[in-house]
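Okay, here's what each chain looks like letter by letter:
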Amino acid sequence: MNHLSASFCLFGATQLLLALSAPHMAAQSEPVSIRPTFFCGLESGTPTTMVRTAAGDNEFIRWTSVHFSSSGWTPEQRCKVVSERLQSSSDRGNLKFLTTGRMKDQPVICSANTEGGRCLDLLYTLKPGQDPVQALRGLVSTRQGLSGPVSETSTRIYLSVSKLIGNP
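Here is a short report on the structure shown in this document. (Residues numbered from 1 in each chain as written. Predicted model: local features only at pLDDT ≥ 70, side-chain atom pairs only at ≥ 80, totals over all residues. Heavy atoms only, no water.)

### Thoughts on the overall build of the chain
Argument step 1. Looking only at helices and strands, the chain has four helices and eight strands in total.
Argument step 2. Counted from the first residue to the last, the chain has its helices and strands arranged as α-β-β-β-α-β-β-β-α-β-β-α.
Argument step 3. A burial count over the chain gives 34% of its 168 residues as buried. (Helix = DSSP H or I, 4+ residues; strand = E, 2+ residues; numbered from the N terminus. Buried < 20%, exposed > 50% of the residue type's maximum accessible area, 1.4 Å probe, protein only.)

What follows is the structure, given as structure tokens:
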């Protein structure tokens, strides 16, 4: 085999190897999509419900109120329980929107799986007399770079969870 034939064979073998590995390499370069995961953590010493997405971990709710502490619902306990409720609601497909409602004659933040839909899962109870719409708007104001997820009806608002967590 002369030098030219050997070079051609080596070139052909290299091209074949590249062609066989190309689909594998392309699949690795595509972003990995993971379902959001909610968990309780500490952010600057404050119990904080966090959400983990493909983009990383982000704050979702900071638990600073001690209003319910006398009944055993410390900020740490609320963080833990609400993070579990968010995850459970997400796992069931009910966490498409955050909205407001009333349960046991208390104002609540709850999940809905459609815009304009009813409350499906209790996420957390608000202080008696607290305006649920303002509480939900407060959640929005803590999210940096948020644009346009608020839909209003005459008495309730709906926040797109995917927009809140930056997962279009």
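Still more to cover.
### Some remarks on the side chain of Asp 121
Argument step 1. Mapping Asp 121 onto the fold places it in strand β6 (residues 121–125).
Argument step 2. Owing to a relative accessible area of 11%, Asp 121 belongs among the buried residues under this scheme.
Argument step 3. A distance of 2.8 Å separates the side chain of Asp 121 from the side chain of Ser 89, its partner in a polar contact. (Polar contact = N/O pair within 3.5 Å; in protein donor to acceptor, adjacent residues only side chain to side chain.)

### What to know about the side chain of Thr 99
Argument step 1. With respect to the element layout, Thr 99 can be found in strand β4 (residues 97–103).
Argument step 2. Overall, the relative accessible area of 0% leaves Thr 99 in the buried class.
Argument step 3. Within the local environment of Thr 99, its side chain forms a polar contact with the side chain of Arg 156, the two groups lying 3.5 Å apart.
Argument step 4. One polar contact links the side chain of Thr 99 to the main-chain carbonyl oxygen of Ile 157, over a distance of 2.7 Å.

### Section: the state of the cysteines
Argument step 1. Overall, the coordinates contain two disulfides when judged by the stated rule.
Argument step 2. At a sulfur-sulfur separation of 2.0 Å, the disulfide partner of Cys 40 is Cys 79. Note on the Cys 40 and Cys 79 pair: the S-S dihedral is about 120 degrees, so by sign convention the disulfide is right-handed. Linking Cys 40 in strand β1 (residues 37–43) with Cys 79 in helix α2 (residues 75–91), this pair joins segments that are 39 residues apart in sequence.
Argument step 3. Look at the chain and number its bonded cysteines as they come in the sequence; the links are 1-2, 3-4. (Disulfide = S-S within 2.5 Å.)

### Observations concerning the pairing of strand β2 (residues 46–53)
On a regular strand, one side chain projects to one face of the sheet and the next to the other, so that they alternate.
Argument step 1. For β2, a buried count of seven out of eight residues is recorded, marking the element as mostly surrounded by other parts of the structure.
Argument step 2. Hairpin connection between β1 and β2: a loop of two residues separates the two successive antiparallel strands, and Ser 44 in this loop has a positive phi of roughly 55 degrees.
Argument step 3. Relative to strand β3 (residues 56–62), β2 is paired through six bridges, and the arrangement is antiparallel. The residue of β3 that forms the bridge with Thr 48 is Arg 62. (Pairing = 2+ DSSP bridges.)

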